[in-house]
Amino acid sequence: PPGAGSSGKMAAPISRESRGPDPGAAPYGNFPNYSRFHPPEGRVSLLPQGLLSSLFPAATRPLLGLDVGCNSGELSVALYQHLLGLQDSDSSPEPPGGAKELKLLCCDIDPELIRRAQQSSPFPASISFASLDIMDPRAREPFLSSFLQRFGRSRFDIGFCMSVTMWIHLNHGDRGLLDFLALLASLCTFLLVEPQPWRCYRAAARRLRRLGRRDFEHFRSLRINGDMAQSITHILTQQCAMELVCSFGNTAWDRSLLLFRATRAQPQGSD
């Protein structure tokens, strides 16, 4: 997942060599084999077929999606296939007749993971992968603006934030999490969030300590804690002008899939 701080720019991800073989040695969540531990099917199977059509029944233009913290892209591709009703074996760059057209922009702080995603993507015409520090406004704003302007748009139709919030929170503190959620709410008409529960924070901190690494700078001072799905729902609905549309249940590893909608969304086709 992405990173740079609200209080300063985050350092570049630690190299594979310095991480060593321990799969937990990824302080920004940029695990090299993440999909082996949390397979994409565990998320997409919870999402109903035809979700895009139900959210955008009258859309005639391409729908734009933003996937923040995409890792090496396996989940991004699975989401794209599921949302367009494509079979796993169907790598056609065009959606089937009657399906919504989706242009998906996926970003991650780790350039090596992005290279892997670019090399393995079966849909290069529809899914773009880019290395981006989403919390660095100097990098983020021109990059996202240029993508949106290609389609004459000012925001994304749908955003995905899948097991990213904890890494933003641990590396940037409460203020960073609030800023990140406000950013996504300002960018996306719909937002699908998979928050990590608080026990994952403790486990991530323990992993760093076991490896002899410096603890997360903000971990012991976080005031937003406890039930993180509830906290993130409260922040998005009370501070970010969004409403909770649906909870799709929990994955096998007990993470909620929550869909939000901007309450001040522009009418379809107006931007």
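Each remark here, short or long, concerns the structure printed above.
Right, let's walk through the structure included here. (Residues numbered from 1 in each chain as written. Predicted model: local features only at pLDDT ≥ 70, side-chain atom pairs only at ≥ 80, totals over all residues. Heavy atoms only, no water.)

### Focus: the overall build of the protein chain
- In terms of regular secondary structure, the protein chain is built from ten helices and seven strands.
- Taking all 271 residues of the protein chain together, 55% fall into the buried category.
- Entry remark: accessible area of the protein chain is about 11,900 Å², with carbon and sulfur atoms responsible for 49%. (Helix = DSSP H or I, 4+ residues; strand = E, 2+ residues; numbered from the N terminus. Buried < 20%, exposed > 50% of the residue type's maximum accessible area, 1.4 Å probe, protein only. Areas by Shrake-Rupley, 256 points an atom, 1.4 Å probe, with all protein chains shown as cover.)

### Notes on the side chain of Asp 110
- Take Asp 110: it is sitting in the loop between β2 (102-108) and α6 (111-120).
- Exposure remark for Asp 110: the relative accessible area of 3% places this residue in the buried category.

### Observations regarding the pairing of strand β4 (residues 156-162)
- For β4, a buried count of seven out of seven residues is recorded, marking the element as mostly surrounded by other parts of the structure.
- Where strand β1 (residues 63-68) lies against β4, four bridges are found, and the strand directions are parallel. Looking at β4, one finds that Leu 66 is bridged to Gly 159.
- The pairing of β4 with strand β5 (residues 188-194) spans six bridges and is classified as parallel. Bridge pairing in β5 links Phe 156 to Cys 188.
- Where the polypeptide runs from β4 across helix α8 (residues 165-187) and back to β5, its parallel neighbour, the crossover connection is right-handed. (Pairing = 2+ DSSP bridges. Right-handed = clockwise from strand over helix to strand, strands pointing away.)

### Some details on the pairing of β1
- Burial analysis of β1 places six of its six residues in the buried class, which makes it a mostly covered element.
- Of the two faces of β1, the one holding Leu 63, Gly 65 and Asp 67 and the one holding Leu 64, Leu 66 and Val 68 are both buried throughout.
- Looking at chain direction, β1 and β2 are connected through six bridges and run parallel. Across the sheet, residue Leu 64 finds its bridge partner in β2, namely Lys 103.

### Observations concerning the sheet that holds strand β3 (residues 127-131)
- Across the sheet, seven strands lie side by side as β3-β2-β1-β4-β5-β7-β6; this open sheet has mixed pairing. Looking at the sheet topology across the chains shown, the edges are occupied by β3 and β6 (242-250). Pairwise comparison of adjacent strand axes, ignoring direction, gives a mean angle of 15° for this sheet.
- Along the sheet, α6 makes contact with β2 and β3, crossing β3 at roughly 160°.
- The strands that α8 touches are β1, β4, β5 and β6; relative to β5, the one it contacts most, it runs at about 150°. (Axes fitted to C-alpha atoms, helices over the stretch in contact; angles between N-to-C directions. Contact = heavy atoms within 4.5 Å.)

### Focus on the packing of aromatic side chains
- This model, assessed by the stated rule, comprises seven aromatic pairs.
- Where Phe 56 meets Phe 190, the ring centres are 5.3 Å apart and the plane angle is 80°; that geometry is what we call edge-to-face. Residue Phe 56 is located in the loop between α4 (51-55) and β1, and its partner Phe 190 is located in strand β5; the two are separated by 134 residues in the primary sequence. Side by side, Phe 56 and Phe 190 carry an identical accessibility label, which is buried.
- Plain terms: the ring middles of Phe 147 and Phe 156 are 5.8 Å apart, the flat faces sit at 15° to each other, and that makes the pair stacked. One exposure class covers both Phe 147 and Phe 156, and it is buried.
- What links up through ring pairs into an aromatic cluster is the set Phe 147, Phe 151 and Phe 156. (Phe/Tyr/Trp six-rings, centres within 6.5 Å; stacked < 30°, edge-to-face > 60°.)

Functional significance is not addressed by these values, which are geometric in nature.
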